[in-house]
Amino acid sequence: MKELWNGRFDSNEEVDLRLWQVIKEFDSSFKGEGICFVGYDTDDGVERNQGRVGAKDGSNAIRKAIQSFPKVEGLEIYDYKNLSSKVLEEAQKEYSEKIMNVIKAGMFPIGLGGGHDIAYGSYSGIRKAYPDKKIGIVNFDTHLDIRPYDNGPTSGTSFKQILDNDKNAKYSIVGFKKQGNTKRLIDTAKAYNTLILDEEDEEEYIKEELLKYVETVDIVYVSFCMDVFDAPYAPGVSAPTIMGLDPKKGKRILRSLMDTGKVVCVDFAEVNPQYDIDSRTAKLAGCLAYDIMLNKSK
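All of the points below concern the structure found in this document.

Topic: the nonpolar core
Next up, step 1: Within the largest apolar cluster, 52 residues are counted, with the highest numbers of intra-cluster contacts made by Phe37, Ile110, Phe140, Val222, Phe224, Phe268 and Met293.
Next up, step 2: Sorting elements by how many residues they give to this core places helix α10 (residues 280-296) first, with eight residues.
Next up, step 3: The contacts of Val222, once residues within four sequence positions are left out, are Val138, Phe140, Leu254, Leu257, Val263, Cys265, Val266 and Asp267.
Next up, step 4: Membership of the second largest hydrophobic core comes to 40 residues, among which are Leu83, Ile135, Tyr171 and Val264.

Focus: the packing of helix α9 (residues 247-258) against α10
Next up, step 1: In the contact formed by α9 and α10, the axes pass within 11 Å of each other and the chain directions differ by 30 degrees. The angle between α9 and α10 places the two elements in the roughly parallel class. The two elements α9 and α10 cross, and the hand of that crossing is right-handed. Judged by residue contacts, Pro247, Lys251, Leu254, Arg255 and Met258 of α9 engage Leu284, Leu288, Asp291, Ile292, Asn295 and Lys296 from α10.

Considerations on the environment of Gln92
Next up, step 1: Inspection of the secondary structure assignment puts Gln92 in helix α4 (residues 88-104).
Next up, step 2: Taking relative accessible area as the criterion, Gln92 reaches 7% and is therefore assigned buried.
Next up, step 3: A sequence separation of 37 residues divides Gln92 from Ala129, and the C-alpha atoms of the two residues are 15 Å apart.
Next up, step 4: Excluding anything up to four places from it in sequence, Gln92 contacts Tyr40, Asp117, Tyr120, Gly121 and Ser158.

Some remarks on the packing of α4 against helix α5 (residues 118-129)
Next up, step 1: Put simply, α4 and α5 touch, their axes get as near as 7 Å, and they point 45 degrees apart. By the criterion of interaxial angle, the relationship of α4 to α5 is oblique. The chirality of how α4 crosses α5 is right-handed. Two secondary-structure elements touch here, α4 through Gln92, Lys93, Tyr95, Ser96, Glu97, Ile99, Met100, Ile103 and Lys104 and α5 through Ile118, Tyr120, Gly121, Ser122, Ser124, Gly125, Ile126, Lys128 and Ala129.
Next up, step 2: In the contact of α4 with α5, the residues fall into eight nonpolar, six polar and four charged.

Quick word on unusual backbone geometry
Next up, step 1: In this chain, Gly113 is followed by Gly114 through a cis amide linkage whose omega measures 20 degrees.
Next up, step 2: Along the chain, Gly114 turns up in the loop between β4 (108-113) and α5.
Next up, step 3: Here the phi dihedral of Met243 falls at roughly 60 degrees; this positive angle occurs in a residue that is not glycine.
Next up, step 4: The exposure class assigned to Met243 is exposed, which follows from its relative accessible area of 58%.
Next up, step 5: The phi torsion at Ser279 lies on the positive side, around 60 degrees, for a residue other than glycine.
Next up, step 6: Residue placement: Ser279 occurs in the loop between β9 (263-269) and α10.
Next up, step 7: The exposure class assigned to Ser279 is partly exposed, which follows from its relative accessible area of 37%.

A look at the pairing of β9
Next up, step 1: Counting buried positions along β9 gives seven out of seven residues, so the element sits mostly inside the fold.
Next up, step 2: Sheet topology places β4 next to β9; three bridges connect them, and they run parallel. Bridging from a neighbouring strand, Leu112 pairs with Phe268 of β9.
Next up, step 3: As defined by bridge partners, strand β8 (residues 219-225) adjoins β9 across six bridges and the pair is classed as parallel. Bridge pairing in β9 links Ser223 to Asp267.
Next up, step 4: Regarding topology, α9 serves as the crossover connection from β8 to the parallel β9, and that connection is right-handed.

Overview of the pattern of salt bridges
Next up, step 1: The full count for this structure, using the stated rule, is 22 salt bridges.
Next up, step 2: Linking Arg18 and Asp10 is a salt bridge whose minimum nitrogen-to-oxygen distance equals 2.5 Å.
Next up, step 3: The residue Glu76 makes a salt bridge to Lys24 at a minimum N-O spacing of 2.9 Å. Of this pair, Glu76 sits in the loop between α3 (58-66) and β3 (77-79) while Lys24 sits in strand β1 (residues 24-25), placing them 52 residues apart in sequence.
Next up, step 4: For Glu76, a relative accessible area of 36% puts it in the partly exposed group.

Here is what the cut-offs are and how they apply
- Residues numbered from 1 in each chain as written.
- Predicted model: local features only at pLDDT ≥ 70, side-chain atom pairs only at ≥ 80, totals over all residues.
- Heavy atoms only, no water.
- Core = buried A, V, L, I, M, F, W, Y, C linked by side-chain atoms within 4.5 Å.
- Buried < 20%, exposed > 50% of the residue type's maximum accessible area, 1.4 Å probe, protein only.
- Helix = DSSP H or I, 4+ residues; strand = E, 2+ residues; numbered from the N terminus.
- Contact = heavy atoms within 4.5 Å.
- Axes fitted to C-alpha atoms, helices over the stretch in contact; angles between N-to-C directions.
- Parallel < 35°, antiparallel > 145°, perpendicular 65-115°, else oblique.
- Left-handed = near helix turned anticlockwise from the far one by under 90°.
- Nonpolar A, V, L, I, M, F, W, Y, C, P; charged D, E, K, R; others polar.
- Pairing = 2+ DSSP bridges.
- Right-handed = clockwise from strand over helix to strand, strands pointing away.
- Salt bridge = Lys/Arg side-chain N within 4 Å of Asp/Glu carboxyl O.

Structure (structure tokens):
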């Protein structure tokens, strides 16, 4: 694991341990509770969607951002490493198998992207693990990512692909901004009865609406496109957002979702180190992932 995790060293005493010192490589034969990172290190979908490439390095950037964070007491940490194929369709298939394996092992997967086409891979793995459950998707994103895929999938088509092919899935978006979505995209989302929560909506209103939404499903999948956050906090993305979501507001909303006990997978997409400043975007994704880890250790 040293090629992926290798951080600050104080000592090997229990009180000094950091994540890089305790993380283990995941094996599909494992059974037990814990957190498992799964890398989705491709931005093929971003390139197809005419975005600025570089998110292929996001998975490792997030790992590097958190590798020296303190060990989380009472929580086993694993890593399923990165992809063998970077071609979108093959990458989604491989990644989905890994997500399924992690869930079936009894662990909680955290996906590290990569383009937001990670979403279709995460969903596919969840659906394989839970073939009959009603899945509620919560997408933290400025953009609806509900584009047509007549010419093939991209980083902007995942949620339409899901909704077209799975009548037992629901879609919601947190952090939506009108300037990032055409009327056609908004009309498409409304046709699928999407719960649209604007970046400007009050935090308590968003929490209340999401809790009502969560009550209507069996399990919840949360996806973060890091461009949902205000550009000074998340400059290293494929499409920076001016006046985006405040990170602390986003963290509190995530905590509210995690506290329902229904969340089965979270992923982080569009971390683009090529355009990041002082690793702000990677560190923000890492801090949110760490907050999930603290929640799972309760």
